[in-house]
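# Structural overview for review
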Amino acid sequence: MNQLPLLLTGIAVAVALAGAVVALVLPERRAPALLLVASCIAATLALVAGGAVLLGGASGDRLLWSFPVLGPIAVGTTPLGALFACVAAFVYIPTSIYSLRYLDRYRHEYSLRAFSSWYCVLLAAIIAIFICRDIVSFFIVWEVVAIASAALVAYEWRRERNVRAAFIMLAMSEAGTIAAMAAMLLARAGSGSLLFGVPAGGLSAVAAWTIFMLSFFGFGVKAGLLPVNSWLPRAHPVAPGNVSALLSGVILNLGVYGIVLVNVELVPVRFAGEGIVVLAIGAASALIGILYATIEDDLKVMLAYSSVENLGIAVTALGVAFVFTAAHQSVFAALGFAAGIYHVANHSAYKGLLFLGAATLDARLGGRSMNRLGGLIRILPATTAFFFVGVLAIAAIPPLNGFVSEWLTFQALLRAVELSPLGLRIVFALCGAILALTAALAVTCFVKAFGMTFLGKARTPLPRVGEAPSTMRLGMALLALECIGLGVLPTYVLPVIGRAAADFFGSGTIVTALIPQFFRPAAPPNPLPPDFVATFHALGAQIGMGLPGRGWVAMLRGGSANPVVFAMSTTYLTFIIIALLGVTYGVVALVTRRRAIDRSRVWAGGLRSLLPEMTYTATGFSNPVRVIFNAIFNPTEVENDRETIYEHFRSAIRRRREDVFSADRVLAEPVAQAVRRFASFLARMHHGRLPAYVGYALGTLVVALAIVIWM
Amino acid sequence: MLSDVLNVLRSIWPSIEWRVDDGSIVAVLPREDLRAVAKYFSAQRWRLGTIVATEGRHELELRYCFYATAHPGWAQLIIALNPVDRTIASLTPVTIAADWFEREIEDLFSVRFAQHPRLGDFVLHDDQWAENAGLMRPFVQSGEDLPVQRREWRPKRVLEEEGAFVMPVGPVYSGGAESALFLLETVGEDVVRATPRLFYKYRAIEKIAQGRTAADALLLAERCAGTSAIGNGLAYCRAVERALGATLTRRSEALRGFFAELERLRHHMTSIREICESTSLSVAASQALWLEEQFLRISGELCGHRYLFGVLAIGGLQRDFADPALEACLRKADALRPKVDALRGALERSSSFLDRIERVGIVDREAAQTFELVGPFARAAAISADMRAVQPYAPYSGLEFNVPIEEEGDGYARLRVLFAEMEESVRIMAALCRDLPADGTRIDAAMRAGRGLGWSEAPRGASLAWVELEADGTVSRYRLTPPSFRNWHGFHVATESFAFQDFPIVLATLDLSVAENDR
Amino acid sequence: MSWFWRGLRAGVLTEGPAPEALPESLSPGLPRATEFSTPAQAAEIAARCPTGALEAQDRVVGVQPDRCVDCMRCKSAQEWRHDVRWAHPDAVERFGSRFKHSIHVRIIDAGDCGSCLNELAQLTGPSYNLHRFGIFITPTPRQADVLLVVGPVTRQMAGPLKVAYEAMPSPKRVLAVGACAASGGIFGPSVMSAGGAADAVPVDLTVPGCPPPPLAIIGALRALCGQEPPA
Ligand code: SF4
Ligand code: SF4
């Protein structure tokens, strides 16, 4: 029994908690440094522990206590938890480094001690939640996460908007928690134990569906899925920049973790229908998320909507996994699972990076509206470079990481041919089409985000500032490196995910399915059929034998129904890109070696120079999308005034429109209204007459008794 | 008639001395009465022809010229301004058509128009010259005398919406377009409003003309807009002849009419060609180009110049043209008619073409009325405004002809007006050719000091000229009001809300000349 | 589709190579130096000219074609030429042989009256078909080899003209078309125009005329790219 990883994780939690306590007593200006040290140590420990579990196979260890009131409390490391913990640590470390100087902007205005303390509490809870192996501790820690993140969102508490956003976030999170808890309790009802490790007893179909729907709704809130994600676009713009990075890079993942935990480990999916629900919600979230992201001009709100999109993609991949699980095709299920988890990890890396980038702009220039920014490449070159990496990654441009997981997702969707029911195939095809549209819109969205913000010229006069401090740059650089690493070396990442998947889909499935060593002649461990290998050898694949890193190709061999081979290698592509760029540069340099280069101003139709108000705005760039998808945005025209002087001099045309987030429109607003009505109904009940109260009490008693008897 | 109007005016403003002089009601008004009188004229459907500012050594005078639309007759309201104070209440709140005249005078004479909503950056651009540079004032002798001021110029923005921006087109744009800057206000996709910034090509013809002989200034009038040399030249000649009190021979009047119609024919062909080009209908554009070239050749063959330069002269025509040559010209023009008709028919059957010009750049009757638009532009919006009919002059006074009118005010209506006018022009040419008098083509008008108002219907609409001559025949003031200046004023009406890709089409159908406006 | 057939039915409308003597329908011609019988007569003829294009020296009236604005006042007396080789170089520097087959031209209207531009518009029409010589009009100076200036260069257009010239990649040439661009024509030098394109940008070749007929402009463009010698 190797207890070391669990021990390390425990120490990590302790360090983080200690940091939280010490932060409160340290002098104000030392708080950021403490935050940095404590959270880096804790996160590194968690990372080491997680790594040990994933690479060393040191999992399955359990440590149990039993508390008289709460029942058994179990902690333990699992590969799945370790994977999520590692992803969290990978975001937490750079963010903490970044925070050191970023927090300067709040000095004298808000308490840095409070911030550091909550920050460490959140870290402790996040590390802890992945080792909780029973319902009680899981939800206690879950609540800590919810409260700590809400506290961080409301950090600038003097602004009413922030506090409201935090409350909405907390309220929705609570609703989700209750649903998720109910689902978990139901799931455990069969086994009679609150521990995760005990297998669930046989559940009726109705119970299984109830558990699924409740948990999916409950964890969907955290994961920011439609239609329960109204909190997301509200919380992000008001949260401090580094907190936004954590919200998107870590907190959202918890929702996915929850979904996976319930549907893969606790109550494995039995019905294709469950998978379809997940698939549909995922695809819808992806499309709606990216649509709103595309038309949004506030950088952070845009990134928030883009998180909805990315989590939607990840969940779509999970949906594929669930459908295949239900169809007992564990290889493809594993493929979907790997795609989903990979995408979550990728999203954490690039969204963390992009949020830090946005925070840098906010901190340096005091604004995030793309309609005001522009031309920042000249004043913030390093930030621009990092942001560019993030943009390439999120727009799924190879060889960066977004490409890899989206490729896997599409491969998983294309496996629809292996499913026999026609209905399922149609759903897969539809989701594939939606995801393709989403991918195209994502490119538009981020071309706009990058182009409008960093290229061209400033749309309003910007303060003359220099580059961000080095620690901030380091934070971004680490995340950028992660994006590159996750993108260029997928064949090293996939086995790790494979380890996490091994418990559920059989060990080695992902590696066998995706990283065949087909360069090698049919050596014994090669699972590929000899004739298949021979075909590739006929195509000259053995040439690759001499190349380093034989596994640097991800390849998906079709099943029996559709023996098509899809393969890609971002690794080799990287070398090719570098070589091509080098050759191009060389040729250009050679050809123009003796040429004088004319440099002249941008041609602006004979104008001396373009004025700032003559540059394309972000709104203008995305207006076509707005027009095409008008039915979805369904905007309300708030203002359309035409002012004239002397009846004929047009002096002003004032127009304003508001796009209400569709999730708000279909769910949040009606619910809020119902609550308001209910509240006023309650108020009417309290009119102070004694018999009425007696009546209420009796009624409650009767209802309670009825429930007890029925159970 | 004019005498009735005079009686009414005398009864309303008995203190003002009203008189009639050479077909015009003339009166010197006190500054305070101007708005009321102008309002009266506007209410009687008189149109503001032009405002002439003249500055001598010690006096500054504004002359508001109105013309009646119901019967022949003009009115000239004269205001003497204090050359030091240089302030007067703007007429724009009452007569919107005065807007651009006042802006021009503000730039060129440094006159301040109180309550004018938008002055500055008009003729003289703000980023180059100081405001109130007063180019036309006597002390400015050369460009170096102008006060220079490098200021940053910012476009005036009207659209206030999140993400709104100004898309500049020009001043150098497209293949061979005239230089002008268009500021398109948009939030992407649809343009909400387009504002032209003109006068890049401002050559200061009015300034150059001062001190030249009447004959030399005619060259300027012709070359103000080379594509309507006769139109603008004729207005000038008629003004000078009025000033000299000369009476022309009937033959020269008829020939002038003949050339004016020949020019209209060719000019309208050009406009039609531009409309075809703007819709990227290349076959139609090529055929229109070829037809246009044929009209150019006909003109060149008849008088030695493809654009009819050097045809007009003070007192008639520069030389006589033989009747057979004129008839040959008419025959050739007539022979092209079936080709023009075929083009018209093909265009009208081409639904993709109609889709692009129908319901674009709409200017309704009311707007055409308010902005006092002229020419085919106005006629497509059901306003006749044809000087040949409204203020008839020889040879049209004795002629029967139609003024084509359309109702819709859109691009297609304007195209139909152009085609219809071409047909009418050939008919007028034929009528003029039928019985040409033989009383000579030129009189020798003796030079003398004088002032006169002349007008003509140039291809793009009413062209007005005001000329003041010295005793030796040099021009001391030449004020020209070309039709494009009037019609550009209505440009923004036609361009409120349109799809960006329709911009060239709107522009082409409006048939506006930058050169003519910029002078 | 019907347009396609209409186009085909129209056939070829382009006329062949320019005849040596152009009829007046194609070109007004240019006055040329003429000898008169008496100096007094010569002086009288020269005095007719409003722009000083005619200069009497003894019995000969010489012509500065750049200044002629086609006022036609001397037409009855002076001899006129009717060829197409109107262009004359200001500085003989043509493109190298590499541009012989194709050049791109950016037209800049620096205050023209509309006629010069209209003649330029005719160039691409079926009657003259400039493209057959490999000469194309381009909307952006970035792709242009030749800057074709019309108009007297008003003070408010001098800036954009210079900006356009700077925006062109070298090697680049400037062609001044029309009396206005050549000398300011009837307008310049005056308050608002400095008098011709040469004031703002280095002019390589000038085509006089008010406006120069299309064939003369084609001749100048061909001369500029070395397809034929200038006059
Ligand atoms: S035609 Fe030319 S040369 Fe002859 S007088 Fe006129 S401007 Fe002078
Ligand atoms: S040269 Fe003559 S035709 Fe050409 S722009 Fe000048 S005035 Fe017009």
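The structure reproduced in this document is the subject of the present report. (Residues numbered from 1 in each chain as written. Chains lettered and ligands numbered in written order. Predicted model: local features only at pLDDT ≥ 70, side-chain atom pairs only at ≥ 80, totals over all residues. Heavy atoms only, no water.)

Let us now look at the packing of helix α3 (residues 79-102) of chain A against helix α16 (residues 470-488) of chain A. Two packed helices can be described by the angle between their axes and the distance between those axes. All names here are of chain A. Two elements in contact, α3 and α16, have axes whose closest approach is 7 Å; the angle formed by their N-to-C orientations is 160°. Of the possible angle classes, the one that applies to α3 and α16 is roughly antiparallel. Like other packed secondary-structure pairs, α3 and α16 cross with a definite hand, here left-handed. Contact residues: F90, V91, P94, I97, Y98, L100, R101 and Y102 in α3; T471, M472, L474, G475, M476, L478, L479 and E482 in α16. (Axes fitted to C-alpha atoms, helices over the stretch in contact; angles between N-to-C directions. Helix = DSSP H or I, 4+ residues; strand = E, 2+ residues; numbered from the N terminus. Parallel < 35°, antiparallel > 145°, perpendicular 65-115°, else oblique. Left-handed = near helix turned anticlockwise from the far one by under 90°. Contact = heavy atoms within 4.5 Å.)

Residue and element names in this part refer to chain C. Relative to the elements of secondary structure, C49 occurs in the loop between α2 (39-48) and β3 (54-57). With a relative accessible area of 18%, C49 lands in the buried category. For the pair C49 and I186, spaced 137 residues apart in sequence, the C-alpha to C-alpha distance is 11 Å. (Buried < 20%, exposed > 50% of the residue type's maximum accessible area, 1.4 Å probe, protein only.)

A few words on α3(A). Over its 24 residues, α3(A) extends 34 Å from the first C-alpha to the last, a length consistent with the 34 Å expected when each residue adds 1.5 Å. Burial of α3(A) is extensive: 21 of the 24 residues sit out of reach of the surface. (Expected span 1.5 Å × (residues − 1).)

So, about the site of ligand 1. In the region of ligand 1, 13 residues are neighbours, and C:C49, C:C68, C:V69, C:C71 and C:C74 sit closest. Along the lines of polarity and charge, the residues of the shell around ligand 1 split into 11 nonpolar, 1 polar and 1 charged. (Near = heavy atom within 4 Å. Nonpolar A, V, L, I, M, F, W, Y, C, P; charged D, E, K, R; others polar.)

All names here are of chain C. The linkage connecting S170 with the following residue, P171, adopts the cis geometry, with an omega of 5°. Structurally, the position occupied by P171 is in the loop between α4 (155-167) and β10 (173-177). For the bond from C210 to P211, the omega torsion is -10°, close enough to zero to count as cis. Tracing the sequence through the fold places P211 in the loop between β11 (205-207) and α6 (214-224).

Turning to the interface of chain B and chain C, a few remarks are in order. Opposite the 67 residues of chain B that make contact, chain C presents 53 residues. Surface buried jointly by chain B and chain C totals about 4,900 Å² across both partners, of which 57% is contributed by carbon and sulfur atoms. At the junction of chain B with chain C, the criterion picks out 4 salt bridges. The closest approach of N and O atoms between B:R306 and C:E119, which form a salt bridge, is 2.7 Å. Applying the counting rule to chain B against chain C returns 33 residue pairs in polar contact (both at pLDDT 80 or more). Mapped onto the side of chain B that touches chain C, the elements with two or more residues apiece are α4 (205-209), α5 (214-224), α7 (250-278), α8 (282-303) and α9 (323-349) of chain B. If you tally residues by element for the side of chain B that touches chain C, the top one is α8(B), at 12 residues. (Buried area = accessible area lost by both parts, 1.4 Å probe. Salt bridge = Lys/Arg side-chain N within 4 Å of Asp/Glu carboxyl O. Polar contact = N/O pair within 3.5 Å; in protein donor to acceptor, adjacent residues only side chain to side chain.)

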